[in-house]
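So you can see what is in the structure, the chains are spelled out below.
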Amino acid sequence: QVQLVESGGGLVQAGGSLRVSCAASGSIFRINAMGWYRQAPGKQREMVATINNGGGENYADSVMGRFTISRDNAKNTIYLQMNSLKPEDTASYYCNARELPRFGVPRDYWGQGTQVTVSS
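The model shown is predicted, which means the values in this text are computed figures rather than measured ones.

### Focus on the overall build of the chain
Helices and strands together make up the secondary structure of the chain, namely zero helices and 11 strands. When its helices and strands are written in sequence order, the chain yields β-β-β-β-β-β-β-β-β-β-β. Taking 120 residues into account, the globule formula puts the C-alpha radius of gyration at 14 Å, and the chain, at 14 Å, falls close to it. Along the first, second and third principal axes, the C-alpha atoms of the chain reach 45 × 30 × 25 Å. The buried share among the 120 residues of the chain stands at 40%. Sequence separation of 24 or more characterises 53% of the internal contacts of the chain that already satisfy a separation of 6 or more. About 6,700 Å² of surface is accessible on the chain, with carbon and sulfur atoms providing 46% of the total. Counting 12 positive and 9 negative side-chain charges, the chain places the centres of these two groups 4 Å from one another.

See below:
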């Protein structure tokens, strides 16, 4: 019921900046929070940043102070501004939308991912 499409990935030099976007469509009224996750080859997917419907933000320690998550409700879009990029930031970045039903477990929706590569 929720579709997520990421864009904005690419190749950037260490120390550079990049902004990725995620456009949501469908039954977005069911979504309680959204965020960005990343996964490098051979590694588990990890949380990068999240933002809930009240605007509260959470960041992984590894990106604190460098990345900023934001949203544009009019466009049903969230963004991840990435500054001071490091080679270890290289990964596929996935947009996440979480539905928290009154009963049961959370349900997650995922985008296709966008590749971010940081060269040294």
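### A few points about the state of the cysteines
Here a disulfide denotes a covalent bond joining the sulfur atom of one cysteine to the sulfur atom of another. Across all of its chains, the model carries one disulfide by this definition. Here Cys22 engages in a disulfide with Cys95; their sulfurs sit 2.0 Å apart. Between Cys22 and Cys95 the sulfur-sulfur dihedral comes to about -80 degrees; the bridge is accordingly left-handed. Residue Cys22 is found in strand 3 (residues 18-26), and its partner Cys95 is found in strand 9 (residues 91-99); the two are separated by 73 residues along the sequence. Summarising the burial analysis for this pair, Cys22 and Cys95 share the class buried.

### Some remarks on the pattern of salt bridges
Inspection of every chain in the model, using the stated rule, returns five salt bridges. One salt bridge in this structure joins Glu46 and Arg38, with 2.8 Å as the shortest N-O distance. For Glu46, a relative accessible area of 36% gives the class partly exposed. Take Arg38: its relative accessible area is 6%, and that puts it in the buried class. We note a salt bridge from Asp108 to Arg98, for which the minimum N-O separation is 2.9 Å. Linking Asp108 in strand 10 (residues 107-110) with Arg98 in strand 9, this pair joins segments that are 10 residues apart in sequence. According to the relative accessible area criterion, Arg98 is partly exposed, its value standing at 31%. In this structure, a network of salt bridges that share partners links the residues Arg38, Glu46, Arg66 and Asp89.

### A look at the nonpolar core
Ranked by internal contacts, the top residues of the largest apolar core, which has 30 residues, are Leu4, Met34, Trp36, Leu80, Met82 and Tyr93. Of all elements in the fold, only strand 1 (2-7), strand 3, strand 4 (33-39), strand 5 (46-52), strand 7 (67-72), strand 8 (77-82), strand 9 and strand 11 (114-119) reach the threshold of two or more residues within this core. Residues contacting Met82, with those up to four places away along its chain left out, are Gly16, Ser17, Leu18, Val20, Arg66, Phe67, Tyr93 and Val116.

Analysis parameters
- For every chain, the first residue of the written sequence is number 1, and numbering continues from 1 along that sequence.
- Only residues with pLDDT of at least 70 get local features here, since the model is predicted, and only at 80 or more are side-chain atom pairs given and counted; chain-wide, interface and lining totals rely on the full set of residues.
- Calculated side-chain values reflect all of the structure's heavy atoms, with hydrogen atoms and water omitted.
- Counting from the N terminus, the helices are the DSSP runs of H or I reaching at least four residues and the strands are the DSSP runs of E reaching at least two.
- As a reference, a globule follows 2.2 Å times the number of residues to the power 0.38, and the radius of gyration itself is taken over C-alpha atoms.
- Burial classes follow relative accessibility: with a 1.4 Å probe on protein chains only, a residue under 20% of its type's maximum area counts as buried, one over 50% as exposed, and anything between as partly exposed.
- What makes two residues a contact is simply this: any of their non-hydrogen atoms within 4.5 Å.
- For the area figures, the Shrake-Rupley method with a 1.4 Å probe applies, and any residue is considered shielded solely by the protein chains shown.
- His is not counted, nor are the chain ends, whereas Lys and Arg count as positive and Asp and Glu as negative.
- By convention, the charge on Lys lies at NZ, on Arg at CZ, on Asp at CG and on Glu at CD.
- By convention in this document, the label disulfide applies to cysteine sulfur atom pairs within 2.5 Å.
- Take a side-chain nitrogen of Lys or Arg and a carboxyl oxygen of Asp or Glu: if they are within 4 Å of each other, that pair is a salt bridge.
- By nonpolar core we mean a set of buried residues, namely Ala, Val, Leu, Ile, Met, Phe, Trp, Tyr and Cys, connected to one another through side-chain atoms within 4.5 Å.

By themselves, these are just geometric observations and shouldn't be taken as functional.
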